Structures are given as C-alpha cells and as structure tokens.
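Inside the fold
The primary structure of each chain is shown beneath.
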Amino acid sequence: MAKEINTIGVLTSGGDAPGMNAAIRAVVRTALSKGKTVKGIMRGYQGLLEEEIVDMDAHSVSDIIQRGGTILGTARCMDFVTPEGQMKGAEICRKHGIEGLVVIGGDGSFRGAQKLAHLGINTIGVPGTIDLDIACTDYTIGFDTAVNTAMDAIDKVRDTSTSHERCSIIEVMGRHAGYIALWCGIANGAEDILLPERYNHDEQKLINHIINSRKKGKKHHIIINAEGIGHSASMAKRIEAATGMETRATILGHMQRGGSPTCKDRMYASIMGAYAADLLCQGASNRVVAYKGGDYVDFEIDEALAMTKDIPEYQYEVSKRLSR
Ligand code: ADP
Ligand code: F6P
C-alpha cells in the first residue's frame, strides 16, 4: 500500500533557473490545500545536511512568482554524492518528519533524489535548468527566460557589430548542451552557430565563411558559441588574424540565469510544481515530472536518467540554411 505522506519538504538544487520560485510556490500551496505540512530546505542538499529547514505556510511563498532566483537558495553539495552523505540526509528528513520531498533541479539533483528514494524518503523531481538538457522532458523551467535574456543581449551586440563592421563571437550558457545557442542562433539571425553536439573545430571553415560573407557585403558576422565549446577570446584573436576583420568576444555568463521569469516559465513551473505535490500526496516516489508530447507526465527517475536527447537535426539544418 502507498505510504501516506503528512509532511512534504521542498528544495532547489544545482544551477538556479527563473521560475524556480513559481515551482516552490506551487508545491507549497498544493500541499497545503491537501492539509499537508510543508518544510522548505535551504541551499539544496547542502542545507539538508546542515539542517537548514524552515516551516512554510501560504504566506511564505507570497510575492515570489515574478522573481528570478530561488527563495530557498541553491548549492552544489559534494558531500551528498557519497553514501554517507545520503544516509545522513535521509536521517535528517526522518528527524524533521519529512516523508516526501520535491527536488527542483537538473539531472544531478535527480540522482540525489533517487538515492533518497532508495533510503525510504519519497521523492519527486521537477526539471529546473536553463539548459533544456533533461532528456525525459521537452521543457525545463528557466529555458524560456534565459533564451529571451540572451536574445535581447545579442541584439544589442549585433547593433554595435554592424556599426563597426566587426565579427562578434557571443558565448551563451549550456554546460554540455547547445539548446540556448541553437535557439539564439536562429532567433538572432546569427551567421554561425557552434554547438557542442555538432562542432568539429574546423576553424578554417568558419574563417572562409566570414571572408565570403564580407565579399558579399555583410556588415557584421555574428557567431553564437556555446559554453560547452568555450575559448571565445582566443578564437576571436585567431579569427581576426586570419580574416583581417576586427573581432570581439562577449561572454554573456550568469546574466542568463537571472531575471523575472517569462509567462511560459511561470506557467510550466506552476503546473509541474503542483503535479509533483499531487504525486507525493498519492504516495508516489522516485519519479520525475516532465512535459512530453504536449502533456504533463511523469517517469521513474531511473528510466528518466537513462534517456538521451540530442539537438533536433531539422532545426540545426534550418539554422544553417537561414544564415547564408
Ligand atoms: P543539476 O541538478 O543542475 O544537474 P548538479 O549536477 O550540480 O546540478 O547536481 C546538483 C547536486 O545534486 C550536486 O551538487 C549534488 O549535491 C547532487 N548530486 C549530483 N549527482 C549526484 C549523485 N550521483 N548522487 C547523489 N547526489 C548527487
Ligand atoms: O546548468 C546551468 C548552468 O548555468 C550551465 O549552463 C552552466 O554551465 C553552469 O550552470 C554554470 O554553473 P555555475 O553557476 O556553478 O558557474
């Protein structure tokens, strides 16, 4: 028989993402509406191990749906990757009466949730990362805000690149994933898009493209480079030397992780957070909420972590066709 849950915990873990606050709010208010007690765990698994646990009521999540970041804070916690850390975490949950836990984060955070589930704490993951790199879901909370922030910034760099007739290499986030680069590349009309999943480091091809575009009268050359490839500054120096076109590197960095979440992020975060709390109330554990094929669904964490995902080939082909 499914375990009845009376007290639910919620934490955010890994890189923060706009919309995490909306997800926390949805978890708290859904659980409260079902008569559950809710506890917030500060600073991800680090705060769990340090017992930074606070009581949450409806008012604790007032006025946060529109805010970037996460009111609970977040952290990367190496101690929790060890079996000792995980056992300590499960013990602390039990000590505070936390029978079910919603973990908002990425794949790494879900691995932690999986370990806690195996130690008897019911857990549900909610996908929160700007990288869109969680295989089981078509959407991750934070992506829409991040790409819109990056797109606005790239538009601005494009203006000055055109005025000065420069090449600009603009580096966007995405540790191992090129989704932000692909979307911005298409949305900003970039001349080249370098994705970790596709780039073969053929710099000569890039250089030839820049020289040919200049001959055709293009006033700028915008290259979107994904963080997973990196080295934008040294690439800029080599490109300038080889093409004679002044070249600048701009690394957008953490500005992409902040800011007020877009409507899309607030919406997905609210539904996914509520769905996670509903699952816990039904006695589910070791599952992750996802948006797949137009519907909100859930998968076993083990199954979700075994899935793989790649850049959609057609979108990548289109990006190349449109950048001539
Ligand atoms: P994300 O959740 O965004 O993928 P990380 O990969 O940094 O971010 O993971 C966030 C945290 O999840 C880590 O700092 C660690 O505390 C926990 N974690 C990651 N991998 C594991 C693992 N294999 N077992 C237990 N906990 C893990
Ligand atoms: O996972 C989200 C992300 O922003 C990645 O795109 C990036 O590589 C990483 O986090 C940066 O992490 P940190 O904030 O620890 O430098």
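Only a predicted model underlies this, so the values are computations on that prediction, with no experimental measurement involved.

Thresholds applied
- Residues numbered from 1 in each chain as written.
- Chains lettered and ligands numbered in written order.
- Predicted model: local features only at pLDDT ≥ 70, side-chain atom pairs only at ≥ 80, totals over all residues.
- Heavy atoms only, no water.
- Helix = DSSP H or I, 4+ residues; strand = E, 2+ residues; numbered from the N terminus.
- Rg over C-alpha atoms; globule rule 2.2 N^0.38 Å.
- Buried < 20%, exposed > 50% of the residue type's maximum accessible area, 1.4 Å probe, protein only.
- Contact = heavy atoms within 4.5 Å.
- Areas by Shrake-Rupley, 256 points an atom, 1.4 Å probe, with all protein chains shown as cover.
- Lys, Arg positive; Asp, Glu negative; His and termini not counted.
- Charge placed at Lys NZ, Arg CZ, Asp CG, Glu CD.
- Near = heavy atom within 4 Å.
- Polar contact = N/O pair within 3.5 Å; in protein donor to acceptor, adjacent residues only side chain to side chain.
- Nonpolar A, V, L, I, M, F, W, Y, C, P; charged D, E, K, R; others polar.
- Expected span 1.5 Å × (residues − 1).
- Axes fitted to C-alpha atoms, helices over the stretch in contact; angles between N-to-C directions.
- Left-handed = near helix turned anticlockwise from the far one by under 90°.
- Pairing = 2+ DSSP bridges.
- Right-handed = clockwise from strand over helix to strand, strands pointing away.
- Domains from an automatic or database assignment.
- Buried area = accessible area lost by both parts, 1.4 Å probe.
- Salt bridge = Lys/Arg side-chain N within 4 Å of Asp/Glu carboxyl O.

1. Quick word on the overall build of the protein chain
If you tally the helices and strands in the protein chain, you get 11 helices and 11 strands. Taking 2.2 N^0.38 as the reference for a compact globule, 324 residues should give roughly 20 Å; the C-alpha atoms of the protein chain span a radius of gyration of 22 Å, in line with that estimate. If you line up the protein chain on its principal axes, its C-alpha atoms span 70 × 35 × 35 Å. Within the protein chain, buried positions represent 55% of all 324 residues. Excluding contacts between residues fewer than 6 apart, the proportion of contacts in the protein chain whose partners are at least 24 apart in sequence is 75%. Surface exposure of the protein chain reaches about 13,800 Å², of which carbon and sulfur atoms provide 51%. The centroid of the 37 positive side-chain charges in the protein chain is displaced by 4 Å from the centroid of its 40 negative side-chain charges.

2. Observations regarding the site of ligand 1
The environment of ligand 1 is formed by 16 residues, the closest being Arg 76, Cys 77, Gly 106, Gly 108 and Ser 109. One nitrogen or oxygen atom from the main chain of Asp 107 is found 3.4 Å from an oxygen atom belonging to ligand 1. Lys 115 has a polar side-chain atom sitting 3.3 Å from a nitrogen atom of ligand 1. About the coverage of ligand 1: the protein hides 84% of its 550 Å² of free accessible area. With 6 residues, helix α4 (residues 107–118) is the largest single contributor of residues to the shell around ligand 1. Broken down by class, the residue content of the shell around ligand 1 amounts to 4 nonpolar, 8 polar and 4 charged.

3. Things to note about helix α1 (residues 20–33)
Over its 14 residues, α1 extends 20 Å from the first C-alpha to the last, a length consistent with the 20 Å expected when each residue adds 1.5 Å. Taken across its 14 residues, α1 has 10 buried, putting it largely inside the fold. Those residues of α1 that are buried are in contact with β1 (7–12), β2 (37–41), β3 (53–56), β4 (100–105) and α9 (263–281). Once α1 ends, the next one or two residues include Gly 35, with phi positive near 80°.

4. Let's talk about the side chain of Asp 298
Here Asp 298 shows up in strand β11 (residues 295–300). In this structure the side chain of Asp 298 is engaged in a polar contact, spanning 2.5 Å, whose partner is the side chain of Tyr 275. Within the structure, Asp 298 has its side chain in polar contact with the side chain of Arg 287 (distance 2.5 Å). Not counting chain neighbours up to four residues away, the residues in contact with Asp 298 comprise Tyr 275, Leu 279, Arg 287, Val 288 and Val 289.

5. Concerning the packing of α1 against α9
Running from amino to carboxyl end, α1 crosses α9 at an angle of 35°, the nearest separation of the two axes being 7 Å. For the element pair α1 and α9, the recorded crossing hand is right-handed. Contact with α1, carried on its side by Ala 22, Ala 23, Ala 26, Val 27, Thr 30 and Ala 31, involves Arg 266, Ala 269, Ser 270, Gly 273, Ala 274, Ala 277 and Asp 278 of α9 and no other residues of that element. Of the residues that constitute the contact of α1 with α9, the class distribution is 8 nonpolar, 3 polar and 2 charged.

6. What to know about the pairing of β2
Taken across its 5 residues, β2 has 4 buried, putting it largely inside the fold. With 4 bridges connecting them, β1 and β2 associate as parallel partners. Looking across to β2, one finds that Val 10 is bridged to Gly 40. A crossover links β1 with its parallel partner β2, the connecting element being α1, and its sense is right-handed.

7. Section: the domain arrangement of the protein chain
Once the domains are mapped, the protein chain shows domain 1 (7–142 + 261–306) and domain 2 (146–257). Between the C-alpha centres of domain 1 and domain 2 the distance comes to 35 Å. Residue-level contacts link 11 residues of domain 1 with 10 residues of domain 2. Taking both sides of the interface into account, the surface hidden between domain 1 and domain 2 amounts to around 890 Å²; carbon and sulfur atoms contribute 53%. In terms of surface lost to domain 2, no three residues of domain 1 exceed Ile 130, Asp 131 and Leu 132, which account for 51% of the buried area on that side. Applying the counting rule to domain 1 against domain 2 returns 1 salt bridge. The closest approach of N and O atoms between Arg 257 and Asp 16, which form a salt bridge, is 2.7 Å. Applying the counting criterion to the domain 1 and domain 2 interface returns 2 residue pairs in polar contact (both at pLDDT 80 or more). Each residue belonging to the side of domain 1 that touches domain 2 can be placed in one class, and the counts come to 4 nonpolar, 3 polar and 4 charged.

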